Amino acid sequence: MSARHPVEESCGLPQAHPYNLQQAIERFERGYIANILELTRWNRRKTAQMLGISADALTAKMQYYQLLSSPAFSGSCECERENALR
């Protein structure tokens, strides 16, 4: 019988966590970049400026996290495409 960590027991987390620290950091970074991109309406220059990184660094991160185009142009809904073009 192995002892479980008190935090795991109190919040019902399994013993083996599905994400290691690097994966958690990457998930946070991807979401954070996506939020800033949305805030700037996918203006890469403004996004890079707000994040305090170069435009090249932002482009590399966008490629790594597959954040290459605005969701408004993803074709998910006709009304979204029309609103994005206004």
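The structure reproduced in this document is the subject of the present report. All values reported here derive from a predicted model rather than from experimental measurement.

A few words on the packing of aromatic side chains. Under the counting rule described, the total for this entry stands at 2 aromatic pairs. Summarising the aromatic geometry, the rings of Phe-28 and Tyr-32 are spaced 5.7 Å apart at their centres and angled 20 degrees between planes, so their arrangement reads as stacked. Pair noted here: Phe-28 and Tyr-32 are both in helix H2 (residues 21–39), with a separation of 4 residues, about one helical turn. By relative accessible area, Phe-28 is classed as exposed at 59%. The interplanar angle of 80 degrees and the centroid separation of 4.9 Å between the aromatic rings of Tyr-64 and Tyr-65 together place this pair among those described as edge-to-face.

What follows is about H2. Between its terminal C-alpha atoms H2 stretches 27 Å, which fits the 27 Å expected from 19 residues at 1.5 Å a residue. Where the residues of H2 are buried, they touch helix H3 (44–51) and helix H4 (55–64). Measuring from the side-chain oxygen of the N-cap residue of H2 to the backbone nitrogen of Gln-22 gives 3.1 Å; that N-cap residue is Asn-20. Positive backbone phi, at 55 degrees, marks Arg-41, one or two positions downstream of H2.

The rules behind these values
Along each chain, numbering runs from 1 in the same order as the chain's sequence is written. Confidence filtering applies because this is a predicted model: local features only for residues at pLDDT of at least 70, side-chain atom pairs given and counted only at 80 or more, and all residues used for totals across whole chains, interfaces and linings. Note that the side-chain values use all heavy atoms of the structure and ignore hydrogens as well as water. Side-chain rings of Phe, Tyr and Trp, where Trp is taken by its six-membered ring, are said to pair if the distance between their centres is within 6.5 Å; with planes under 30 degrees apart they count as stacked, over 60 as edge-to-face, and otherwise as tilted. Elements are defined by DSSP. Helices are runs of H or I of four residues or more, strands are runs of E of two residues or more, and each kind is numbered from the N terminus. Note on classification: 1.4 Å probe, protein chains only; a residue is buried when its accessible area is under 20% of the maximum for its type, exposed when over 50%, partly exposed between these limits. Here the expected length of a helix is defined as 1.5 Å per residue gap, with one fewer gap than residues. Only heavy atoms enter the contact rule, under which two residues are in contact if any of them lie within 4.5 Å. Under the rule applied, a polar contact is a pair of N or O atoms within 3.5 Å (in protein, one hydrogen donor and one hydrogen acceptor; residues adjacent in sequence only if both atoms are side-chain atoms).

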